[in-house]
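Each chain is listed here by its residues.
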Amino acid sequence: MAKVIEGLYYSETHEYVKVEGEYGYIGITDYAQHALGEVVYVDMPEVDDEVEAGSEFGAVESVKAASDLVAPVSGTVVEVNEALEDEPGLVNTDAFANWIIKVELTDKTELDNLMDAAAYADMCKE
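Residues numbered from 1 in each chain as written. Predicted model: local features only at pLDDT ≥ 70, side-chain atom pairs only at ≥ 80, totals over all residues. Heavy atoms only, no water.

With that settled, the discussion passes to the overall build of the chain. The helix and strand tally for the chain stands at four helices and nine strands. Ordering the α and β elements of the chain from the N terminus gives β-β-β-α-β-β-β-β-β-α-α-β-α. Taken against the 2.2 N^0.38 rule, which gives 14 Å for 126 residues, the C-alpha radius of gyration of the chain at 13 Å falls within 12% of a compact globule. Each of the three principal axes of the chain carries a C-alpha extent, and together these read 35 × 35 × 20 Å. Sequence-distant contacts in the chain: of pairs separated by 6 or more residues, those separated by 24 or more amount to 64%. Distance from the positive charge centre (6 side chains) to the negative charge centre (29 side chains) of the chain: 10 Å. (Helix = DSSP H or I, 4+ residues; strand = E, 2+ residues; numbered from the N terminus. Rg over C-alpha atoms; globule rule 2.2 N^0.38 Å. Contact = heavy atoms within 4.5 Å. Lys, Arg positive; Asp, Glu negative; His and termini not counted. Charge placed at Lys NZ, Arg CZ, Asp CG, Glu CD.)

Here's what the structure looks like:
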């Protein structure tokens, strides 16, 4: 069973959001990195780019597949995880510790559209 962390918000497309104040750290879930296999490249937006809930903001490529990254919330990118440019495999080591982008949230009510840990775990079992 993939690891699911309490207190995070989860999307149906296997991204998570960790909220800290006005900011959200967005990455892919442990379930997603297991499904992808060995991650070899992470395509990330630029700082100051706008991301919109439900829209693509990048991609993760593994040895067996490529998967679009879909923003679970809207916001302005304030930071990208530069470590992933040199070591994309960090996502496999610990998907929750190695977020992909940090955004300044534009509408916190969007979080209400996401799943909590229990609901996400149930979805992954299906």
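Okay, back to it.
What follows covers unusual backbone geometry. Residue histidine 14 is not a glycine yet carries a positive backbone phi of 70 degrees. Mapped onto the secondary structure, histidine 14 falls in the loop between β1 (9-10) and β2 (15-20). The phi angle at aspartate 48 is positive, at roughly 80 degrees, despite the residue not being glycine. Residue position: aspartate 48 is located in the loop between β4 (39-43) and β5 (50-51).

It is worth spelling out the nonpolar core at this point. Core analysis: the largest hydrophobic core is formed by 24 residues, its most contacted members being Ile100 and Ile101. At three residues, the largest contribution of residues to this core is made by strand β9 (residues 101-105). In this structure, isoleucine 100 is in contact with Ile26, Gly27, Ile28, Val42, Met44, Phe57, Val60, Leu69, Val80, Asn81 and Leu84, ignoring residues within four places of it in sequence. In terms of nonpolar packing, the next biggest core, distinct from the first, is built from 10 residues, Tyr10, Tyr16, Phe96 and Tyr120 among them. (Core = buried A, V, L, I, M, F, W, Y, C linked by side-chain atoms within 4.5 Å. Buried < 20%, exposed > 50% of the residue type's maximum accessible area, 1.4 Å probe, protein only.)

With antiparallel pairing, the six strands of this open sheet are ordered in space as β1-β2-β3-β9-β8-β5. The open sheet has two edge strands with one neighbour each: β1 and β5. As paired elements, β2 and strand β3 (residues 23-28) share six bridges and run antiparallel to each other. Bridging across to β3, tyrosine 16 finds its partner in glycine 27. (Pairing = 2+ DSSP bridges.)

Once that is clear, we can look at a negative patch on the surface. Together, Glu46, Asp48, Asp49, Glu50, Glu79, Glu82, Glu85, Asp86 and Glu87 line one region of the surface with negative charge. Residue aspartate 48 is classed as exposed on the basis of its relative accessible area of 60%. (Patch = residues over 30% accessible without salt bridge, like charges linked within 9 Å, V, L, I, M, F, W, Y side chains within 5 Å. Areas by Shrake-Rupley, 256 points an atom, 1.4 Å probe, with all protein chains shown as cover. Salt bridge = Lys/Arg side-chain N within 4 Å of Asp/Glu carboxyl O.)

The subject of this paragraph is the pairing of strand β7 (residues 66-70). Here strand β6 (residues 56-62) runs beside β7; their pairing, made up of five bridges, is antiparallel. Within the sheet, the bridge partner assigned to valine 60 lies in β7 and is serine 67. In textbook terms, the turn of a hairpin is the stretch between consecutive antiparallel strands, and for β6 and β7 this stretch comprises three residues.

All right, on to the sheet that holds β6 then. For sheets, the rule is that strands pair by backbone hydrogen bonds, running either parallel or antiparallel. Taken in spatial order, the three strands line up as β4-β6-β7 in an open sheet, and their pairing is antiparallel. Edge positions in the sheet fall to β4 and β7, since each of these pairs with one other strand and no more. Averaged over all adjacent pairs, the angle separating strand axes in this sheet is 20 degrees, with direction ignored. Two elements, β4 and β6, share four bridges in a ladder whose sense is antiparallel. The partner of tyrosine 41 across the bridge, within β6, is glutamate 61. (Axes fitted to C-alpha atoms, helices over the stretch in contact; angles between N-to-C directions.)

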